[in-house]
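An overview of the molecular structure
Here is how the chains run, residue by residue.
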Amino acid sequence: MLRPLFHFSEAAGAGERNGFFDAYRGPGDDFFGSVGSKPEIYPIYWSAAQMQARQSDRMARVQAFLNVQWKHESEGVRWFEPDRDSLYPDRIRRRPPGTDSGGLGTHLDPGTLDLWMTKAYQQAFRHLFDGTVEEYDPWDAAHRTDGPQYPGTTMCSAFRTFQGWTALSDMDHDQGVLHTVPIPAAMAYLMLRPLLPDVPEDDMGGVTINRVFPVSERLHPLLLEAVSGIPDVRAGDSVWWHCDMIHSVAPVENQKGWGNVMYIPAAPWCPRNERYSTSVREALLTGASPADFPAEHYEQSWPDRFRQSDLNITGRRGLGLN
Ligand SMILES: [Fe+2]
């Protein structure tokens, strides 16, 4: 957690101003069906508040600090550029005071069956598959920044060193906040678990495309003992977790105060993120939902959305325009 990243105390008003919460038709997919959740995550990508945060100097400095926690050069390859972010557009979470929410079950973000099936990931996880598990380093970016991801209605084409969000409201630790299993190396357990003999041949532990990677009491009870919540956060704080880290959002009843965040990861410039940036540039021009997400396109008619002409130098570099 970094405190504070920004100084503001008011939730982003783009959705309210543009009548979004009256027009919203419900989730555009069933991505969180595998963890039995309907989280309050909304398809707003291009508000001025989100883009100004994504291209701000403070955000860039934080992302650079986070990126160098990773080994980004090895085998004679520079796998990513730690000082240049690719401005990955993601959604917002919004929960008004008084909300009852079931939260979001324990899961992983980086991918689904592609984690076992693609050549790039087989290389990234080589120590897990060749019997040298002790040498597996969750902070080594080797082979993570070039491979494809299997297509799905919701996916992450980008390589993220850290997933993260920036708080738009104060949230106490018992008001339905983020929990994690703060052990990046637990990925080794998750990847090997479905290969053990007690799991049927045709079952990858519930992992399948178009659904989030579930972490369950059935297969991973030892890991779930480590689930831990974040402390109280204030508006403007940011919270970051390693891209392979197991996480969930706790349920809440009659929530005190707002529970609003904007998801902004650290997604450093690399071949994989450069490829995806082509579609991000196109989506920004028309206000479309980015290619990784359901094609809902609520913002196309919003007059106050962020425009390409509003990009600063950091934003232009991040979208591959400089
Ligand atoms: Fe997630």
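Our structure is the block above this text.
Everything quoted here is computed from the prediction, not taken from an experiment.

A word on the overall build of the protein
Tallying secondary structure elements over the protein gives eleven helices and 14 strands in all. Computed over the C-alpha atoms, the radius of gyration of the protein is 19 Å, within 12% of the 20 Å expected from 2.2 N^0.38 for a compact globule of 322 residues. When burial is assessed residue by residue, the protein has 43% of its 322 residues classed as buried. Put simply, of all contacts in the protein between residues at least 6 apart along the chain, 85% involve residues at least 24 apart.

Section: the nonpolar core
Counting residues in each nonpolar core, the largest one holds 64 residues, and the members touching the most others are Ala167 and Met262. Leu115, Tyr121, Phe125 and Leu128 belong to the second largest nonpolar core, which has five residues in total.

With respect to the sheet that holds strand 11 (residues 238–242)
Whether parallel or antiparallel, the strands of a sheet pair through hydrogen bonds between backbone atoms. With respect to topology, five strands assemble into an open sheet ordered 1-5-13-7-11, the strand pairing being antiparallel. Strands at the two margins of the open sheet, each flanked by one partner only, are strand 1 (41–42) and strand 11. Pairing of strand 7 (residues 162–167) with strand 11 involves five bridges; the strand directions are antiparallel. What sits directly across from Gly164, in strand 11, is Trp240.

Considerations on unusual backbone geometry
In this structure, Leu87 is a non-glycine residue whose phi angle is positive, near 50°. Its place among the elements puts Leu87 in the loop between strand 4 (81–85) and strand 5 (92–93). When the 30 C-beta atoms within 10 Å are taken as the criterion, Leu87 is described as buried. Even without being a glycine, Asn254 presents a positive backbone phi close to 50°. In this structure, Asn254 sits in the loop between strand 12 (246–249) and strand 13 (261–263).

Calculation notes
- Residue numbers run consecutively from 1 along every chain, following the written order of its sequence.
- Confidence filtering applies because this is a predicted model: local features only for residues at pLDDT of at least 70, side-chain atom pairs given and counted only at 80 or more, and all residues used for totals across whole chains, interfaces and linings.
- Each helix is a run of H or I in the DSSP string that is no shorter than four residues. Each strand is a run of E no shorter than two, and both are numbered from the N terminus.
- This radius of gyration counts C-alpha atoms alone. The globule rule is 2.2 Å times how many residues there are, raised to the power 0.38.
- Neighbour density around each residue's C-beta defines its exposure: 20 or more other C-beta atoms within 10 Å make it buried, 12 or fewer make it exposed, and counts between make it partly exposed, where C-beta atoms are placed from the backbone.
- Residues are scored as being in contact if the C-beta atoms we place from backbone atoms lie within 7 Å.
- Think of a nonpolar core as buried Ala, Val, Leu, Ile, Met, Phe, Trp, Tyr and Cys residues, each tied to the set through C-beta atoms within 7 Å.
- A pair of strands counts as paired when DSSP detects no fewer than two bridges linking them.

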